Amino acid sequence: KAYMLIGHEGIVRGLALDVDANILHSCSEDKKVKVWNLKSGDCVTLFGHTKFLRAVTFDPESKTIYSTGDDARIKMWQNQPSGKRRSG
């Protein structure tokens, strides 16, 4: 069975999976990181970049999301709640 996660407004450039929590992290040219709960379908949107995003990764030990893009910044996102929009 195939599922589609809809929410980004630009080309998706990176994905990172947290297998233990069934969470998928995505980044896009829309300058947003999205955190998708694959069980419930809920999505948290993280704001803070000013240009296209190119990569996202996740450290399961610290529960930290890292994102980077054309704004020459590396953002660190920690302890994200579900169902809320955050900026950082």
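Colleague: I'm lost on the overall build of the protein chain in this one. Help?
Modeller: Counting secondary structure elements, the protein chain contains zero helices and eight strands. Split into buried and exposed, the 88 residues of the protein chain put 35% on the buried side. Long-range contacts, defined here as pairs at least 24 residues apart, represent 31% of the contacts in the protein chain between residues at least 6 apart. Accessible surface, the protein chain: about 5600 Å² in total, of which carbon and sulfur atoms supply 51%.

Colleague: Please explain the sheet that holds strand 7 (residues 74-78) as it appears in this structure.
Modeller: Adjacent strands of a sheet pair through backbone hydrogen bonds, lying either parallel or antiparallel. The strand order across the open sheet formed by three strands is 5-6-7, and the pairing between neighbours is antiparallel. Unpaired on one side and paired on the other, strand 5 (53-59) and strand 7 mark the two borders of the sheet. Looking at each pair of strands side by side, their axes are set apart by 20° on average, direction ignored. Bridge count between strand 5 and strand 6 (residues 64-69): six bridges; the pairing is antiparallel. Across the sheet, residue A55 finds its bridge partner in strand 6, namely T68.

Colleague: Quick question: what am I supposed to make of the nonpolar core here?
Modeller: Grouped burial of nonpolar side chains is what soluble globular proteins tend to show. Counting residues in each nonpolar core, the largest one holds 12 residues, listed as A16, I23, C27, V33, V35, V44, L46, L53, V56, F58, I65 and W77. Sorting the residues of this core by element identifies strand 2 (23-28), strand 3 (33-37), strand 4 (43-47) and strand 5 as the ones contributing at least two each. At three residues, the largest contribution of residues to this core is made by strand 5. Not counting the four nearest positions on each side in its chain, V56 is found in contact with G14, L15, A16, H25, S26, C27, V33, I65, Y66 and S67.

Colleague: Is there a simple way to think about the confidence of the model for the protein chain in this case?
Modeller: Confidence in the prediction of the protein chain, expressed as mean pLDDT, is 89, and 89% of residues score 70 or more. Considering only residues more than four positions removed or in separate chains, one finds that residues 82-88, a stretch of pLDDT under 50, has 18 contacts.

Colleague: I tried to follow the pairing of strand 2 on my own but got confused; where do I start?
Modeller: Consecutive side chains along a regular strand alternate between the two faces of the sheet. Taking burial as the measure, the six residues of strand 2 include six buried ones, the bulk of the element. Note that strand 1 (residues 12-18) and strand 2 share six bridges and pair antiparallel. Following the sheet pairing, A16 is matched in strand 2 by H25. When strand 2 meets strand 3, the two strands line up antiparallel, connected through five bridges. Its bridge partner being in strand 3, I23 is matched across the sheet by N37. The hairpin turn running from strand 2 into strand 3, its antiparallel successor, is four residues long, and K31 in that turn takes a positive phi close to 75°.

Definitions and limits used
- Residues numbered from 1 in each chain as written.
- Predicted model: local features only at pLDDT ≥ 70, side-chain atom pairs only at ≥ 80, totals over all residues.
- Heavy atoms only, no water.
- Helix = DSSP H or I, 4+ residues; strand = E, 2+ residues; numbered from the N terminus.
- Buried < 20%, exposed > 50% of the residue type's maximum accessible area, 1.4 Å probe, protein only.
- Contact = heavy atoms within 4.5 Å.
- Areas by Shrake-Rupley, 256 points an atom, 1.4 Å probe, with all protein chains shown as cover.
- Pairing = 2+ DSSP bridges.
- Axes fitted to C-alpha atoms, helices over the stretch in contact; angles between N-to-C directions.
- Core = buried A, V, L, I, M, F, W, Y, C linked by side-chain atoms within 4.5 Å.
- pLDDT = per-residue confidence, 0-100.

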